[in-house]
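Each chain is listed here by its residues.
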Amino acid sequence: MRPIRLLVGFGPGGATDITFRKLGELASKQLGQPIIIENKPGAGATLAPSTMAKTDSPDGYTIAAATAGLLRYPYMQKVDWNPIRDFTWIAGLGGYTFVLAVNADSPFKTVGDLVAYAKANPGGLTIATAGAGTTMHLLAEALAAMAGVEITHVGYRSSSEAGTAVLGGHAMATVDAVGTILPYTEPGKMRMLLSFDPQPVDWLAGVPTAKSLGYDLVYPAPYGLVGPKNMPPEIVGKLYRAFKAAADSDEYRKLLETLRQTAWTRAPGEYEQWAREFYVSERSLVESAKLLRQP
């Protein structure tokens with residue numbers, strides 16, 4: 001039985017790569033066939049799924065990780081694919097918590113310090129992320145717009161590159177999934193200034209939410225699995241059952257806890273319905289971040 005290719009739109013080492021490698025490993029045991037992870041970063045993490053949608057057959061042997069960017073990027077850039085019509089929505093699998101962080105040696109102790117600097121130095125505040133058009137980029141721009149400041153976004157090919165840039169002093173801050181930031185904060189190399197969660201959480205003691213600071217910016221970001229359009233229902237069902245078993249396993253739940261992600265499983269029909277609704281709602285956030293493309 002030939003391997004299944006699972007395309008991931010981020011470079012190696014970040015939370016999304018770690019997450020889908022574990023899901024692929026666990027689901028392969030359910031399916032009895034190997035699942036090979038292929039990293040294909042680019043285009044706001046949409047290069048992997050959009051390439052699959054245009055070039056691969058719906059036979060279940062090529063699938064892709066889907067993050068919120070898939071339902072946002074068409075508002076930011078002209079694309080030759082549709083985020084709903086050109087995909088089969090297979091399974092919702094989990095969700096991220098995103099944070100804003102700085103180097104531990106940074107003079108910015110609070111978000112107020114960072115905003116004050118940005119106001120005094122328009123465009124001088126550099127924020128690194130895993131790429132233009134990603135959720136991290138959107139949150140950085142949306143926060144800046146709500147604070148009434150200009151920033152300079154620096155996009156890299158992966159979260160690990162963005163983190164390295166902050167550690168090396170090449171960028172002043174980063175926005176990323178908390179699971180990517182924790183390996184830097186736990187040994188005291190970075191400091192988290194803010195989270196985009198709806199409510200403060202115990203394990204982020206002392207880290208305020210954007211909402212608590214007066215910014216109307218709450219962003220839970222589910223992720224899941226998609227395939228090319230018109231996948232046969234029996235193939236969709238087989239993949240869904242294998243990945244749901246993986247997501248429900250104790251081993252995966254432990255990884256979610258380690259990465260501080262949330263459990264969020266959705267069956268194919270539920271996942272597609274969520275995608276349709278989220279696609280509509282994303283436009284307003286892209287507009288608030290001043291990233292809406294011109295016709």
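Residues numbered from 1 in each chain as written. Predicted model: local features only at pLDDT ≥ 70, side-chain atom pairs only at ≥ 80, totals over all residues. Heavy atoms only, no water.

K.L.:
Just to check I follow, could you spell out the packing of aromatic side chains for this structure?
P.N.:
Here the distance between the centres and the angle between the planes together describe a pair of aromatic rings. Applying the stated criterion across every chain yields a total of 13 aromatic pairs. Summarising the aromatic geometry, the rings of F87 and W89 are spaced 6.5 Å apart at their centres and angled 65 degrees between planes, so their arrangement reads as edge-to-face. Assessed through its relative accessible area of 3%, W89 is described here as buried. Look at W264 and W274: their rings are 5.2 Å apart centre to centre, the planes differ by 70 degrees, and that puts the pair in the edge-to-face class. Pair noted here: W264 is in the loop between α9 (250-259) and α10 (268-288) and W274 is in helix α10, with a separation of ten residues, a long-range link. As far as burial versus exposure is concerned, W264 and W274 are alike and both buried. (Phe/Tyr/Trp six-rings, centres within 6.5 Å; stacked < 30°, edge-to-face > 60°. Buried < 20%, exposed > 50% of the residue type's maximum accessible area, 1.4 Å probe, protein only. Helix = DSSP H or I, 4+ residues; strand = E, 2+ residues; numbered from the N terminus.)

K.L.:
Before we go on, may I ask you to explain the pattern of salt bridges in this structure?
P.N.:
Any two side chains of opposite charge can pair, on the condition that their charged atoms come close. Summed over the entire model, instances satisfying the criterion amount to 14 salt bridges. The shortest N-O distance in the salt bridge between E25 and K22 comes to 3.3 Å. With E25 and K22 both in helix α1 (residues 15-31), this residue pair falls three residues apart, about one helical turn. Taking the relative accessible area as the measure of exposure, K22 reaches 19% and is therefore buried. Between E25 and K29 there is a salt bridge, with the nearest N and O atoms lying 4.0 Å from each other. Note that E25 and K29 are positioned in helix α1 at a spacing of four residues, about one turn of the helix. Residues participating in the shared-partner salt-bridge network are K22, E25, K29 and E251. (Salt bridge = Lys/Arg side-chain N within 4 Å of Asp/Glu carboxyl O.)

K.L.:
Honestly, the nonpolar core in this entry has me stumped. Any pointers?
P.N.:
For soluble globular proteins, nonpolar side chains are generally found buried alongside one another. Of all hydrophobic cores here, the largest spans 92 residues; its most connected members are F196 and F243. The dominant element in this core, judged by the number of residues it contributes, is helix α5 (residues 135-147), at eight residues. Once residues within four sequence positions are removed from consideration, F243 is found in contact with L6, L23, G24, A27, I35, I63, L93 and L225. One finds A128, A162, A165 and M190 within the second-largest nonpolar core, a separate group that totals 15 residues. (Core = buried A, V, L, I, M, F, W, Y, C linked by side-chain atoms within 4.5 Å. Contact = heavy atoms within 4.5 Å.)

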